[in-house]
Amino acid sequence: MQPSNNLPPPPTDFAVRISKLSAYAFSGLLGIGLVSCGVLLWSGKVDMLPPNLTRDDVMHGEVTHKIAKQLSKAWFPERAADLERAASWLVLHDTGARVRVGCPDWLFLTDELRVNRHAKENADIKAHAVIELQQKLGRQGIALLVAIVPDKSRIAADQLCNLARPAVIAERAVTWAASVQRAGVSVLNLAPALQPLGAAAYLRTDTHWSESGAQAAAEAIASQVKAMGIDATPHKAFEAHEQESALRPGDLVRLAGIDWLPLRMQPAPESVKAIRVSEKQDAAGAGGDDLDDLFGDDHLPNVALIGTSFSRNSHFADFLQMALGAAVGNFAKDGGEFSGGANQYFSNPAFRQTPPKLVIWEIPERDLQTPYVPIALQTAAD
């Protein structure tokens, strides 16, 4: 039998020497890394074990996670992590623990595909918290509208390719929405508004929705606000202007640890024609963005928007103002997850002193079943 012509050629002397040099270099870097980590431990600047350690923490890897997180604060592990991420991406097309690769140049957040521990219990606790919050706000004459942002992996499912969403999370948004609706909370699942757009509702290399997705979500929320009989004020007129195409860096590329590579080595960069929304000049008036002044008089918004980075991306808040025909106070918090934006807003004196008529609370689907961080609502009577 003749040998296959597809076999790789034997390594050259040069390749062998390079391989040996790489091994020596790696050994040297490993030694430096151990010394770096040792110095960090000796310095006493890290707390190796979490406080109040439980058996459940040990069984589910909390100890090793804590140690790894603390050791990563050393200078060398950070640089080594960058090199490891680059090598894994370039050689294996691997994006690390926080990001998953779908179809070519499509990235997805791992959190969307994860089945959380105690998922049902967490979801039930959060549903109870929303119901309790709605009741407290209602006693002050403040309405609440909860808007659930569906997972990118749900709406852009045709771009998952070899990835798969666990069947157990298929109905989580619908089930959770129904549980709070039964208690009288106004809730809007944005999936029906985004599904007609399909993958175009989200950005390829970013967690967030695209401009078209943000606009569709804003219009759906505005329709629900009007159906609730709420008049958003002060009334203003807005206009949209399409900008020139520009590269839009994806946060999933950053989370994968490869955003420092040359663009040609990253997933194909995304070019976006951003929409700039502005108040019409003939209707424009003075206004402030300061949280302490936002609801200070009749000329300031009576609608407050809280939530996550979805409300701070792709001009969602601007599209919401345009759809409502009124200014909106945007108090969303990047990285706020379920409770962060709410706690930041409700703990501010401005909420107690000049409360709004409506709070729109944007919540990502992926945060519905994660552990609950308590929300503290301080009312005018507190």
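Quick caveat, the model's predicted, so the values are computed rather than measured. Residue numbers here run from 1 along each chain, matching the order of that chain's written sequence. The predicted origin of the model limits local features to residues at a pLDDT of at least 70 and limits the giving and counting of side-chain atom pairs to 80 or more, whereas totals for whole chains, interfaces and linings rest on all residues. Here the side-chain values reflect all heavy atoms present in the structure, with hydrogen atoms and water set aside.

Draft legend 1. Geometry of helix H6 (residues 119-139). A run of H or I in DSSP becomes a helix once it reaches four residues, and a run of E becomes a strand once it reaches two; helices and strands are each numbered from the N terminus. Helix span, as expected, comes to 1.5 Å for every residue beyond the first. Between its first and last C-alpha atoms H6 spans 31 Å; for 21 residues at 1.5 Å apiece the expected length is 30 Å, and the two agree. Listing the buried residues of H6 in full gives Ala 119, Asn 122, Ala 123, Lys 126, Ala 127, Ala 129, Val 130, Ile 131, Leu 133 and Leu 137. In this analysis, two residues are considered to be in contact whenever any of their non-hydrogen atoms come within 4.5 Å of each other. Taken together, the buried residues of H6 touch strand E3 (143-149), helix H8 (172-181), helix H13 (340-346), helix H14 (349-353) and strand E9 (358-364). Looking at the residues trailing H6, positive phi occurs at Gly 141, about 80°. Only protein chains enter the accessibility calculation, which uses a 1.4 Å probe; a residue is then buried when its area is under 20% of its type maximum, exposed when over 50%, and partly exposed in between.

Draft legend 2. Quick peek at the pattern of salt bridges. Salt bridges are defined as contacts in which a side-chain nitrogen from Lys or Arg sits within 4 Å of a carboxyl oxygen from Asp or Glu. A full pass over the atoms with the stated rule returns 13 salt bridges. One salt bridge connects Arg 85 with Glu 84, and the closest N-O pair in it is separated by 3.3 Å. On the basis of relative accessible area, Arg 85 is assigned to the buried category, the value being 13%. A salt bridge links Lys 120 to Asp 124, with the shortest nitrogen-to-oxygen separation between them at 2.8 Å. In this pair, Lys 120 and Asp 124 both sit in helix H6, four residues apart, roughly one turn of the helix. Overall, the relative accessible area of 39% leaves Asp 124 in the partly exposed class. Through salt bridges with shared partners, one network takes in Asp 151, Arg 154, Arg 165, Arg 172 and Glu 365.

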